[in-house]
Amino acid sequence: TTTTRSYHEKVLDHYSSPRNVGSMSKTDTSVGTGLVGAPACGDVMKLQIKVNPDTDTIEDVKFKTFGCGSAIASSSYLTELVRGMTLTDAGKVRNTEIARELCLPPVKLHCSMLAEDAIKSAISNYRTKNPKAAATDLGGT
Ligand code: FES
Ligand code: FES
C-alpha cells in the first residue's frame, strides 16, 4: 500500500492554490520582512510575519515569490508550518524539512533553501525593529 504522494502532486497543489499570498505593511513594527534571492537562479522570495509581542508567536504570515513552482510551493508550505510558532521555533525550521514534505528532488533543494533563508531574514528584521523583545529573549540578567 503506497500513500506517498509524488513530488508533482504536492508541489502542484501548493503551486496552483498557494496559501497566504500577499503582503503586509512594512512600517508596522509588529511585522518582520524577509527578502531573499537564490544565487543559483535569481528567483526572489518575500516573506512577512506578524508577531504577537506578548507571546513572541507568529500570528500571520504572507509571502510573494517570483520564482519556480518549487519555490512557490516551498514558501506556501512554510507559511502553513510557521503560523502559530514562536520565533525561536520558526528560526529552527530547516529547508530539508520542507524538501522532505514536498518530496523535492535534489536539483530543487535550493528552492526550499530560499524559504529557510526567508523566514530567518523575516525574524531577524522583526528583532531589529523590536530590540527590547530580543533582549528579553536572552533571559535578562
Ligand atoms: Fe527558472 Fe527559477 S530557475 S524559475
Ligand atoms: Fe530557483 Fe526554484 S529554481 S528557486
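Residues numbered from 1 in each chain as written. Chains lettered and ligands numbered in written order. Predicted model: local features only at pLDDT ≥ 70, side-chain atom pairs only at ≥ 80, totals over all residues.

Section: the overall build of the protein chain
Counting secondary structure elements, the protein chain contains six helices and three strands. For the protein chain, the α and β elements follow one another from N to C terminus as α-β-β-β-α-α-α-α-α. In terms of C-alpha radius of gyration, the protein chain reaches 15 Å, essentially the compact-globule figure of 14 Å for 141 residues. For the protein chain, the spread of C-alpha atoms along the principal axes amounts to about 55 × 35 × 25 Å. When the 141 residues of the protein chain are sorted by exposure, 33% land in the buried category. Of the contacts formed within the protein chain by residues at least 6 apart in sequence, a portion of 64% connects residues at least 24 apart. (Helix = DSSP H or I, 4+ residues; strand = E, 2+ residues; numbered from the N terminus. Rg over C-alpha atoms; globule rule 2.2 N^0.38 Å. Buried ≥ 20, exposed ≤ 12 C-beta atoms within 10 Å, placed from the backbone. Contact = placed C-beta atoms within 7 Å.)

Notes on the packing of helix 4 (residues 95–102) against helix 5 (residues 109–129)
Where helix 4 meets helix 5, the closest approach of the two axes is 8 Å, and the angle between their N-to-C directions is 130°. Relative to helix 5, the element helix 4 lies oblique. Helix-helix and strand crossings are classified by hand; for helix 4 and helix 5 the assignment is right-handed. Between helix 4 and helix 5, the contacting residues are Asn 95, Ile 98 and Ala 99 on the first element and Leu 109, Ser 112, Met 113, Ala 115 and Glu 116 on the second. A breakdown of the residues in the contact of helix 4 with helix 5 according to their chemical character gives five nonpolar, two polar and one charged. (Axes fitted to C-alpha atoms, helices over the stretch in contact; angles between N-to-C directions. Parallel < 35°, antiparallel > 145°, perpendicular 65-115°, else oblique. Left-handed = near helix turned anticlockwise from the far one by under 90°. Nonpolar A, V, L, I, M, F, W, Y, C, P; charged D, E, K, R; others polar.)

What about the nonpolar core?
One finds Met 45, Leu 102, Leu 114, Ala 115, Ala 118, Ile 119 and Ala 122 to be the most contacted residues of the largest nonpolar core, which totals 29 residues. Listed by contribution, the elements that provide at least two residues to this core are strand 2 (44–52), strand 3 (57–66), helix 2 (69–82), helix 3 (87–90), helix 4 and helix 5. The residues touching Ala 122, leaving out its near neighbours within four places in the chain, are Gly 32, Thr 33, Gly 34, Leu 47, Gln 48 and Ile 49. (Core = buried A, V, L, I, M, F, W, Y, C linked by C-beta atoms within 7 Å.)

Observations concerning the pairing of strand 3
Successive residues of a regular strand alternate their side chains across the two faces of the sheet. As judged from the nine bridges shared by strand 2 and strand 3, these two strands associate in the antiparallel manner. Residue pairing in the sheet places Leu 47 in a bridge with Phe 63 of strand 3. (Pairing = 2+ DSSP bridges.)

Structural notes on the sheet that holds strand 1 (residues 31–37)
One open sheet holds the three strands; their spatial order is 1-2-3, and the pairing between them is antiparallel. Looking at which strands have only one partner, the edges of the open sheet turn out to be strand 1 and strand 3. Adjacent strand axes in the sheet meet at a mean angle of 15° when their direction is disregarded. For strand 1 and strand 2, the ladder comprises seven bridges, and the chain directions are antiparallel. Bridge pairing in strand 2 places Gly 34 opposite Leu 47. Along the sheet, helix 2 contacts strand 2 and strand 3; its crossing angle with strand 3, the most-contacted strand, is approximately 175°. On top of the sheet, helix 5 reaches strand 1 and strand 2; it is set at about 140° to strand 1, its chief contact.

Remarks on unusual backbone geometry
Negative phi is the rule for most residues except glycine; trans is the rule for most peptide bonds. For Asn 20, which is not glycine, the phi dihedral falls at a positive 60°. Relative to the helices and strands, Asn 20 resides in the loop between helix 1 (7–16) and strand 1. The exposure class of Asn 20 is partly exposed, given the 16 C-beta atoms found within 10 Å. The phi dihedral of Asp 56 is positive, around 60°, even though this residue is not glycine. Here Asp 56 is to be found in the loop between strand 2 and strand 3.

This is a description of form; function is not addressed.
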